[in-house]
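# Fold and contact review
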There are 2 protein chains.
Amino acid sequence: MMQLFELCGRDEGARFSPYVWRIRMALKHKGLDFEGVPVRFLDKKPLEGAQSKTVPVLNDNGTWVKDSFEIALYLEHTYPEKPLFGGKIAEGQARLLSSFIDRTVVLGIFPMIVADIHDRLDDKNAAYFRETREKFLGRSLEETQASREGMLPAFQKALSPIRHVLGAQPFMSGDEPAWADYALFGNFMWARIASDFELLEKDDPIWDWRERMLDLFDGYARAAKLAY
Amino acid sequence: MMQLFELCGRDEGARFSPYVWRIRMALKHKGLDFEGVPVRFLDKKPLEGAQSKTVPVLNDNGTWVKDSFEIALYLEHTYPEKPLFGGKIAEGQARLLSSFIDRTVVLGIFPMIVADIHDRLDDKNAAYFRETREKFLGRSLEETQASREGMLPAFQKALSPIRHVLGAQPFMSGDEPAWADYALFGNFMWARIASDFELLEKDDPIWDWRERMLDLFDGYARAAKLAY
């Protein structure tokens, strides 16, 4: 069976990486069975098979692939049924879309849940996380997260291209969900599993889209173990 | 022959609409001949065939289509050779990409060239343009554009998802240009034709991409008549 290497919290069952969630959903989309293997920030040895220092890493019976977008392309080309892209142009576009999503959504969510993520880790990994992330942020995790109510309006406004598209189609990929949806949804799963802070308003069309995503594959994502 | 209705300046040969340029490039991509029909802000009668108040409008021998994205889909489904999307997923993704591009690139360029656009119009249309755009901007066209040097760094930074993708592939759509490239490029043609203000640095990978786009179809866009 395929192995998917996933970041976990103090609770091994809580798998919160946004990039891993992109692949979890892509594997469900393709109908491929996989075993999730927990990895911690400070124990990346299991990823050496792919010469990677970050999750996700996929081991498809001896074929190792790293980087969520590369894994998605690998799955698409190796298991072409139930397309995630359905052609070269969609693959090219998806790289651009991922780039927009990483910069607006991932970077937008990060400061609003960063202290919560810390609190979900065991002591040793929490200390590592604090040191590296505070260096990046230039201030403490708690100080950063404390102003999250103030960050919310700008974050929600940055989602306006996503909101706009939901006026014309139910999913980022059109009538049915595919890679672009999983690339976006992974970030909301990251926030959902690590934090109880609500990023969206109930009357936001993106809320409804997120509900549709939580319902996919018999409520697979909705049933995911929370870290708190 | 197909007719494409295009906004023009005082000089009828200067066709500067960013959304029209998306379709000009899409028609060249498909290898379809067309006649460009000039339209002015205050004379939208020619667009009534499509019940539209904005360009572009396409008249394909009696079939009228409005809205640049809808026209692109029409061309794709009616003339499937040389795909602009190549599948349903790419079409869905493209709607999201267009939404990102409209909000970051179109809205970013607009205040930096708005007085220049005004200066390219005949007196009657210029007066109409000033009145409507100053209402939207809340200040004069000249005052808005005067601070464009100061707007440039934020605009160039907002292009970082585009720049990032060019590290992995030569076009927005992958190895070859397609709709996502034309959707982005149309905005640069708008600025090129209406203004001599340079939006990019020479060492920016987006500059090189724009050069590649200007070279397409035997330098079709490079040969376009400037409005000044």
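Residues numbered from 1 in each chain as written. Chains lettered and ligands numbered in written order. Predicted model: local features only at pLDDT ≥ 70, side-chain atom pairs only at ≥ 80, totals over all residues. Heavy atoms only, no water.

### Looking at the side chain of Glu91 of chain A
For clarity, the threshold we go by: Only DSSP runs of H or I reaching four residues or more are called helices, and only runs of E reaching two or more are called strands; each is numbered from the N terminus. In this description, contact between two residues means that some pair of their heavy atoms is separated by no more than 4.5 Å.
Within the secondary structure, Glu91 of chain A sits in helix α3 (residues 88-119). Dropping the residues within four chain positions of it, Glu91 of chain A is found in contact with Phe69, Leu73, Glu76, His77 and Phe85 of chain A.

### Section: the relation of the copies chain A and chain B
The cut-off we apply is this: Least squares is used to superpose the copies, and the fit set is the C-alpha atoms of residues whose pLDDT is at least 70 in both copies.
For the pair chain A and chain B, the best superposition has an RMSD of 0.0 Å and corresponds to a rotation of 180° with a translation of 0.0 Å parallel to the axis. Taken together, the rotation and translation describe the operation of a two-fold axis. Ranked by how close their C-alpha atoms come to the rotation axis, the residues of chain A are headed by Ala90 of chain A, at 2.2 Å. When the interface residues of chain A are mapped onto chain B, 100% of them again fall at the interface, so both copies present the same face.

### Some remarks on the domain arrangement of chain A
Residue and element names in this part refer to chain A. Short version of the rule: Start and end positions for the domains come from either an automated domain assignment or a database one. The buried area of a pairing is the accessible area, by a 1.4 Å probe, that goes missing from both parts when the two are put together, added over both. Throughout this description, the term salt bridge denotes a Lys or Arg side-chain nitrogen within 4 Å of a carboxyl oxygen of Asp or Glu. Two N or O atoms count as a polar contact when they lie within 3.5 Å, although within protein this holds only if one can serve as hydrogen donor and the other as acceptor, and sequence-adjacent residues are included solely when both atoms are side-chain atoms.
Per the domain assignment, the segments making up chain A are domain 1 (2-78) and domain 2 (88-219). Computed from C-alpha atoms alone, the centre-to-centre distance between domain 1 and domain 2 is 19 Å. The interface of domain 1 with domain 2 comprises 25 residues on the first partner and 32 residues on the second. Both faces combined, the contact of domain 1 with domain 2 buries some 2400 Å², and carbon together with sulfur accounts for 69% of it. Per-residue buried area on domain 1 facing domain 2 is highest for Arg22, Phe41 and Phe69; these three make up 28% of the total on that side. Here domain 1 is connected to domain 2 by three salt bridges. For the salt bridge of Asp102 with Arg22, the shortest nitrogen-to-oxygen distance reads 2.9 Å. Taken together, domain 1 and domain 2 are joined by 10 residue pairs in polar contact (both at pLDDT 80 or more).

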